[in-house]
Each structure stands twice: as structure tokens, then as C-alpha cells.
Amino acid sequence: MPSIQIMELPEHISIDLLKNWNSDALAISAGAKANIEHNRSYLDNILKQGGTYYGINTGFGSLCNVGIEPDQLSQLQDNLVCSHACGMGDEVPEEIVRLMLLLKVHGLSQGYSGVRMEIVQGLMDLYNSGIYPVVYELGSLGASGDLAPLAHLSLPLLGKGWVNYKGKKREAAEVLKEAGLKPMSLAAKEGLALLNGTQFMSSYATWSLIEAKRLLVWADVTGALSVDAFAAKDEPFKHAIHRVRPHKGQIDTARRILKLLEGSEIQQLKKEQVQDPYSFRCMPQVHGATKDVVDTVTNVVEIEINSVTDNPIVFHDEDAIMSGGNFHGQPLALHLDFLAIAMAELANISERRTYLLISGQRGLPPFLAPDAGLNSGFMIAQYTAAAIVSQNKQLCTPASVDSIVSSNGQEDHVSMGANAATKLRKVIKNVQRVLAIELLVAAQAIDMRRPQRSSSTLETIWSAFRKEVPFMDKDRILHSDLIAAERFLDLDPETWM
């Protein structure tokens with residue numbers, strides 16, 4: 001039986017760490033355990049002394065002035081989780097739920113949430129057993145925490161709700177019993193600690209950044225292949241141009257595309273045009289601007305996933321329990337909207353290159369179709385790219401400009417960051433589809449440039465792609481080719497670079 005790889009969460013986690021996270025099981029450090037236990041002990045002692053603390057011995061939201069008797073505090077927390085499990089819509093993908101569990105464990109492990117170690121261990125048990133709570137996309141306003149999604153994430157701790165386990169959706173109570181885990185009751189503050197937090201938004205944000213960073217490289221690769229496919233020139237990528245406008249992403253993009261084109265025979269052909277269209281010439285400026293946004297958003301998200309975002313916060317080191325608004329998702333909402341816009345631009349400019357490649361210019365046949373007329377070639381592939389790009393524009397309408405009053409006016413400004421997060425994922429997936437269409441079309445055009453060859457790196461990528469999708473010598477059903485190209489972009493392009 002293979003050994004189980006257990007990885008301990010470090011004090012600070014990064015997007016790159018989570019990208020490469022490949023452990024079978026999750027653990028936290030002895031120091032984190034000590035912080036959790038010390039913090040809980042402090043809270044228990046405070047409660048014995050009396051006093052009123054929001055959500056600990058009061059109702060929630062606009063019911064914050066309703067006191068709760070000590071013998072009802074556990075029931076209060078159980079009720080909170082059940083009553084807030086109001087999610088609807090599509091189920092959250094397991095890869096996102098897995099991140100939610102990990103980030104919730106990490107947030108509670110900061111030692112300011114007033115939970116018992118048993119709660120954190122319960123979440124780790126779900127993660128380590130491959131028991132993924134069924135969570136729904138709709139229900140969070142992105143303030144007061146991601147209440148509904150995190151309620152669904154927490155239900156299995158109580159032996160309630162549904163989970164996905166070994167590929168099947170089943171009742172949590174049944175799966176816990178099978179896995180040798182026992183349901184638990186919550187103590188004071190614990191339901192609130194589980195539900196208040198931004199782990200739904202930040203999990204989508206983390207996933208999106210991981211995907212975005214891969215697609216940024218692919219955008220440069222497909223763009224470079226299209227440069228040779230269209231017989232465009234490498235002059236716009238040379239260093240002097242970018243030295244005098246030194247945005248980091250712009251310089252990085254120009255350097256990479258120039259490197260990708262190094263040694264290309266096509267680049268040695270006589271220059272026939274004065275300038276190339278913007279979609280080729282301005283790749284450093286456009287791709288680079290998106291890279292700079294990704295860097296900015298990465299910084300914000302990394303602060304968020306290493307923060308305490310529930311409420312109230314138990315400061316044992318300051319002898320205080322403070323009620324505030326760290327659960328408010330505005331930092332994420334604004335930046336996730338920004339990231340959606342930035343990533344959509346990669347698809348916008350990619351579709352323009354696809355359009356030019358099938359336009360019948362630069363010695364290429366219309367629609368890259370052998371015997372054009374009898375064959376339509378890639379005419380409708382470009383339609384598909386255009387439709388996807390148009391949908392992205394609709395999805396890029398900012399969610400963060402909206403707010404709807406809730407909880408009888410107590411929660412009178414919300415971020416709508418959860419909606420920003422879920423639509424961002426759709427944008428990211430659409431970007432991959434548009435880049436896949438460009439790759440498909442550029443590869444066809446490269447074939448039509450023979451016997452001239454592109455650079456060694458681009459020819460290697462072309463060859464790997466051709467093992468999945470052959471040259472189109474006559475019209476065929478292109479759907480399968482599009483899907484194969486989309487899956488090809490799941491690979492790490494750095495493999496060939």
C-alpha cells in the first residue's frame with residue numbers, strides 16, 4: 001500500500017505553494033495547535049465571567065440584542081449553521097471545495113477565532129478523507145462572510161447535509177460513519193467562526209490565479225506561433241522599445257515572445273509590410289498589462305488567505321473580544337472584477353489574431369481551407385471565439401458596484417464578492433477556450449507556411465499539438481478538435497520552454 005504524504009501548512013501560504021500542493025493529507029503545526037487551544041481557553045474563561053458578546057451569547061445580524069442563556073449556547077451555534085445553509089444553484093466543483101477546507105483550516109489556525117482544536121481537526125478529517133461537502137454557488141453576499149456556502153461546508157461536521165465521496169453524492173451522516181468519523185456539537189462562538197469568513201471568495205480567487213498564471217504563458221505561446229503563422233515580424237518585441245516604457249509585464253512579454261521566435265526561418269523572410277496589426281504588434285502592452293493585474297491581485301489574495309476574517313475576533317493577547325468587519329469581501333470583490341476584465345482582454349486580442357489568420361491575407365487561403373469554397377475551413381471556429389469573447393464582456397460587468405441591504409438593515413452594505421468570484425471562473429475557462437481556438441488555427445497556418453519552419457521551441461510545441469489534433473486537409477466536425485485543443489492547454493507550457 002502506498003505511503004500517504006502529509007504536508008503541514010506553513011505559517012504563511014502563497015498562491016505558488018497552493019499551485020504545487022500535492023499532499024494526500026493536511027496537518028497544522030504544533031505552534032498553531034497551541035495558539036488555538038490557548039485562544040479557546042481564554043474565551044471559556046471570559047464567558048464564565050459574564051458579559052455580552054455578539055454571536056457568542058447573543059443572536060445574529062439584526063438579532064444581536066437578543067441575549068442567549070448559557071445552557072443554550074451550543075444549540076445557538078448548531079441552529080446558526082443549519083439556518084444559514086440556504087445555498088442554491090450549481091454545485092461548487094470539488095477542486096474549489098477542497099481549497100475552501102484548506103483555507104478555512106488555515107484561517108482558524110491563526111488562533112484568533114475562539115474555536116476548539118476539535119473543530120479544526122474535524123475540517124482536516126474531511127479534507128484528509130476525501131469527503132467534500134456539497135456547497136452551492138449562490139447564496140453569499142460577500143459580507144458577514146460567505147455565510148451560505150460556508151454553512152454547507154460546515155454541515156458535515158454536525159453529521160448533516162450532503163457530501164461527495166469517492167465520486168458519489170451521499171448523505172454526510174452515512175459517509176462519516178463509513179469513514180470512522182463522528183458528528184460533533186458546536187460550542188460557543190464556533191458556528192460563527194465557521195460561517196464568518198471569506199473562504200468561498202478566496203478559494204475561487206486562488207483557483208483563478210493559478211489558472212490565470214498558466215494561461216498567461218499560453219497566451220504568449222499562441223501569440224508567438226500566430227506571429228510566424230501570419231508572417232508578422234519580431235521587431236515590436238525588441239528591448240529598446242520596452243526599455244523606454246518599462247512596465248514589468250510588458251517587458252516580460254516582449255522578452256518571452258522574442259525568445260520564442262528565436263531561430264525562426266519565417267522571421268528571415270523579406271518584410272513585405274510596413275507594420276503589423278495591433279493584435280500582433282501590441283502583445284507586450286496588452287498581455288503585459290494583464291500580467292501586472294495578476295501580480296496586483298495575487299498580492300491582495302495572499303494577504304486575504306493569511307488573514308483572520310471571521311467575527312468577532314478573540315484577542316487573547318490583548319485581553320479583548322472585538323466585533324468588526326474583517327469578513328467584508330470588498331478587497332476581493334474589487335480585485336476579482338479587475339482580474340476578470342484583465343483576463344478577458346487576453347481572449348479579446350487572441351480572437352483578433354484568429355480573425356486575421358483566416359482572413360485570406362499574407363499568402364494564406366481564406367479560412368485556412370484547402371480548396372476554399374468546397375471547404376469552409378475554420379470559418380465557424382472564429383464565430384465560436386467571437387461568441388465566447390462576447391459572453392466574457394457580459395460577465396465582466398462588475399459585481400462589486402452592487403449592494404443590497406440585508407438583515408433588517410444591520411448589514412446595509414455588502415460586497416457581492418461571491419458573484420465576482422464565480423463569474424471570474426467562467427471568464428477564466430472562456431479564455432482557455434479562445435486561446436485553444438487560436439492555437440488550432442495558428443497550427444494550421446504554420447503547416448501552410450511549409451517548407452519554412454518556425455523556431456525550435458515553437459516547432460516542438462506544434463509537434464506535440466499535432467499528436468492530439470491533425471492537420472485539417474478537408475472539412476470535418478471541428479468540435480472534437482476544439483475540445484482536444486482546450487485540453488492541450490491544461491498542460492504546463494513551461495515543459496517545452
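Above this text sits the structure in question.
Residues numbered from 1 in each chain as written. Predicted model: local features only at pLDDT ≥ 70, side-chain atom pairs only at ≥ 80, totals over all residues. Heavy atoms only, no water.

1. Considering the sheet that holds strand β6 (residues 162-165)
Reasoning step 1: In space, the 3 strands of this open sheet follow the order β4-β6-β7, with antiparallel pairing throughout. A strand with exactly one partner marks an edge of an open sheet, and here the two such strands are β4 (131-133) and β7 (168-171). Between one strand axis and the next, the sheet turns through 40° on average, direction left out of account.
Reasoning step 2: Relative to β6, β4 is paired through 3 bridges, and the arrangement is antiparallel. Looking at the pairing, I131 lines up with Y165 of β6.
Reasoning step 3: Contacts from helix α4 (residues 94-108) reach β4 and β6, with the element oriented near 95° to β4. (Pairing = 2+ DSSP bridges. Helix = DSSP H or I, 4+ residues; strand = E, 2+ residues; numbered from the N terminus. Axes fitted to C-alpha atoms, helices over the stretch in contact; angles between N-to-C directions. Contact = heavy atoms within 4.5 Å.)

2. Let's talk about the packing of helix α15 (residues 379-395) against helix α16 (residues 417-447)
Reasoning step 1: One way to put it is that α15 packs onto α16 with a least axis distance of 9 Å and a crossing angle of 160°. The angle between α15 and α16 places the two elements in the roughly antiparallel class. Crossing geometry of α15 relative to α16 is assigned as left-handed. Residues A381, T384, A385, I388, V389, Q391, N392 and L395 of α15 pack against K423, K426, V427, N430, V431, R433, V434 and I437 of α16.
Reasoning step 2: When the residues that make up the contact of α15 with α16 are grouped by side-chain class, the tally is 9 nonpolar, 4 polar and 3 charged. (Parallel < 35°, antiparallel > 145°, perpendicular 65-115°, else oblique. Left-handed = near helix turned anticlockwise from the far one by under 90°. Nonpolar A, V, L, I, M, F, W, Y, C, P; charged D, E, K, R; others polar.)

3. Considerations on the environment of E91
Reasoning step 1: For E91, the location among the structural elements is in strand β3 (residues 88-91).
Reasoning step 2: Separated by 343 residues in sequence, E91 and V434 place their C-alpha atoms 25 Å apart.
Reasoning step 3: Other than its neighbours up to four places away in sequence, E91 contacts V134, V135, Y136, N164 and K169.
Reasoning step 4: For E91, the side chain forms a polar contact with the side chain of K169, separated by 2.8 Å. (Polar contact = N/O pair within 3.5 Å; in protein donor to acceptor, adjacent residues only side chain to side chain.)

4. Focus: the nonpolar core
Reasoning step 1: In this structure, I28, L102, V120, M343 and F378 are the most contacted members of the largest nonpolar core, which totals 138 residues.
Reasoning step 2: In contact with I28, not counting residues within four places along its chain, are E8, L9, K33, I36, V105, S109, M117, V120 and M124.
Reasoning step 3: Formed by 8 residues, the second largest nonpolar core is a distinct cluster that contains I46, I56, L73 and I321. (Core = buried A, V, L, I, M, F, W, Y, C linked by side-chain atoms within 4.5 Å. Buried < 20%, exposed > 50% of the residue type's maximum accessible area, 1.4 Å probe, protein only.)

5. A few points about the pairing of β7
Reasoning step 1: Judged from the 4 bridges that link them, β6 and β7 form a sheet pairing that is antiparallel. Across the sheet, the residue bridging to W162 is E171, located in β7.
Reasoning step 2: Here β6 hands over to β7 after 2 residues, with K166 in that stretch at a positive phi of 55°.

6. Looking at the packing of aromatic side chains
Reasoning step 1: Within the structure shown, the criterion is met by 7 aromatic pairs.
Reasoning step 2: Consider the rings of Y112 and F315, whose centres lie 5.5 Å apart with planes at 50°: the pair is tilted. Taken as a pair, Y112 in the loop between α4 and α5 (117-129) and F315 in strand β8 (residues 313-315) lie far apart in primary sequence, 203 residues in all.
Reasoning step 3: Between the aromatic rings of F230 and F280, the centroid separation amounts to 4.8 Å while the plane-to-plane angle is 0°, which identifies the pairing as stacked. A residue pair is termed long-range when its members are at least 10 positions apart, and F230 in the loop between α9 (199-229) and α10 (239-243) and F280 in helix α12 (residues 278-281) qualify at 50 residues. For the pair shown, F230 and F280 are each scored as buried.
Reasoning step 4: What links up through ring pairs into an aromatic cluster is the set W218, F465, F488 and W496.
Reasoning step 5: Above the face of the Y355 ring, R352 is positioned so that its terminal group lies 4.4 Å from the ring centre.
Reasoning step 6: Note that R425 overlies the ring of W207, its terminal NZ or CZ placed 4.5 Å from the centroid. (Phe/Tyr/Trp six-rings, centres within 6.5 Å; stacked < 30°, edge-to-face > 60°. Lys NZ or Arg CZ within 6 Å of the ring centre and 35° of its normal.)

7. Looking at the state of the cysteines
Reasoning step 1: Evaluated as defined, the whole model comprises 0 disulfides.
Reasoning step 2: Of all cysteine sulfurs, the one in C82 lies closest to C86, which takes part in no disulfide; the gap is 10 Å. (Disulfide = S-S within 2.5 Å.)

8. What to know about the environment of K166
Reasoning step 1: Locating K166 in the fold gives a position in the loop between β6 and β7.
Reasoning step 2: Here K166 falls in the exposed class, since its relative accessible area comes to 70%.
Reasoning step 3: Distance in space between the C-alpha atoms of K166 and S129 is 9.7 Å, their sequence separation being 37 residues.

9. Brief notes about the pattern of salt bridges
Reasoning step 1: By the definition in use, this model includes 27 salt bridges.
Reasoning step 2: The salt bridge partner of R256 is D252, with a shortest N-O separation of 3.9 Å. A residue pair is termed a helical-turn pair when its members lie 3 or 4 positions apart in one helix, as R256 and D252 do in helix α11 (residues 248-261) at 4 residues.
Reasoning step 3: Residue D252 is classed as partly exposed on the basis of its relative accessible area, which comes to 27%.
Reasoning step 4: Overlapping salt bridges, with partners in common, bring together D220, D252, R256, K291 and E494 in one network. (Salt bridge = Lys/Arg side-chain N within 4 Å of Asp/Glu carboxyl O.)

10. Digging into the side chain of N375
Reasoning step 1: Tracing the backbone through its elements, the reader meets N375 in the loop between α14 (330-357) and α15.
Reasoning step 2: Here N375 is in contact with A369, P370, K474 and D475, once residues within four sequence places are set aside.

11. Some remarks on α11
Reasoning step 1: Compared with the 20 Å implied by 1.5 Å per residue over 14 residues, the 20 Å span of α11 between its first and last C-alpha is a close match.
Reasoning step 2: Three or more residues of α11 are buried, namely G249, Q250, I251, T253, A254, R256, I257, L260 and L261.
Reasoning step 3: Where α11 is buried, its residues meet α9, α10, α13 (283-305) and α17 (456-466).
Reasoning step 4: Following α11 by one or two positions, G263 adopts a phi angle in the positive range, close to 85°. (Expected span 1.5 Å × (residues − 1).)

12. Section: the side chain of E304
Reasoning step 1: With respect to the helices and strands, E304 occurs in helix α13.
Reasoning step 2: Here E304 is buried and forms no salt bridge, its nearest opposite-charge partner K104 lying at an N-O distance of 10 Å.
Reasoning step 3: Setting aside its immediate chain neighbours within four residues, E304 contacts T198, S202, T309 and L332. (Lys, Arg positive; Asp, Glu negative; His and termini not counted.)

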